[in-house]
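Fold and contact review
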Amino acid sequence: MSIPVELDSIAVQLERFATAYLLTTSGEKVKAVAAAPVLEDGRLRVGGPGRGSLANAGAHPDVTLMWPPTDRTEPAGFTLLVDGTAVADGEDLLVTPTWAVLHRPAGSDHGPAVPGGCG
């Protein structure tokens, strides 16, 4: 099940989620690193993602930020996915969102978060 997210409402969605994962690619492998993006002037600033992520984004600027479900998400069980185009800004990445969605597996009925996994 997917619910499109308007790009101008990403700030509202970010209030519902905690740690994100920045997904970049070398062209051969996907690299995932924990991140705490901050919205600045319509772009997401990813502070200090590391040399590997910066190199990947320099070669392949299409990236994804993924916020897994937390106890703050309503309804529970949704993941926030934001695709974007990244550019380096010193040791940070600036990601311009191009698409966003709230997603969870079709047919899942999570209700309140269930310790240990899906309901």
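Residues numbered from 1 in each chain as written. Predicted model: local features only at pLDDT ≥ 70, side-chain atom pairs only at ≥ 80, totals over all residues. Heavy atoms only, no water.

Examining the overall build of the chain
Across its full length, the chain carries 2 helices and 8 strands. When its helices and strands are written in sequence order, the chain yields β-α-β-β-β-β-α-β-β-β. Taking all 119 residues of the chain together, 38% fall into the buried category. Here the contacts in the chain between residues at least 6 apart in sequence split such that 60% fall between residues at least 24 apart. (Helix = DSSP H or I, 4+ residues; strand = E, 2+ residues; numbered from the N terminus. Buried < 20%, exposed > 50% of the residue type's maximum accessible area, 1.4 Å probe, protein only. Contact = heavy atoms within 4.5 Å.)

Looking at the nonpolar core
Among the nonpolar cores identified, the biggest contains 22 residues, and Leu65, Trp67, Leu80 and Val82 are the most heavily contacted of them. Every element with two or more residues in this core is listed here: helix H1 (10-14), strand S2 (20-25), strand S3 (30-35), strand S5 (43-46), strand S6 (62-67), strand S7 (79-89) and strand S8 (92-103). Broken down by element, the residue count for this core peaks at 4 residues, all from S8. If we ignore the near neighbours within four places in the chain, the residues touching Leu80 are Val5, Gln13, Leu14, Phe17, Leu65, Met66, Trp67, Val101 and Leu102. (Core = buried A, V, L, I, M, F, W, Y, C linked by side-chain atoms within 4.5 Å.)

Overview of unusual backbone geometry
For Asp41, which is not a glycine, the phi torsion comes out positive at approximately 50°. Of note, Asp41 is situated in the loop between strand S4 (38-40) and S5.

Observations regarding the side chain of Thr24
By secondary structure assignment, the location of Thr24 is in strand S2. For Thr24, a relative accessible area of 2% corresponds to the buried category. A polar side-chain atom of Thr24 sits 3.0 Å from a polar atom in the side chain of Asn56. Each residue touching Thr24, except ones within four places of it in the same chain, is listed here: Lys29, Val30, Lys31, Ser53, Asn56 and Val63. (Polar contact = N/O pair within 3.5 Å; in protein donor to acceptor, adjacent residues only side chain to side chain.)

Remarks on the environment of Pro68
With respect to the helices, strands and loops of the structure, Pro68 is situated in the loop between S6 and S7. Sequence separation of Pro68 and Thr19 is 49 residues, and the distance between their C-alpha atoms is 7.8 Å. When sequence neighbours within four positions are dropped, the list of residues in contact with Pro68 reads Phe17, Thr19, Tyr21, Phe78 and Thr79.

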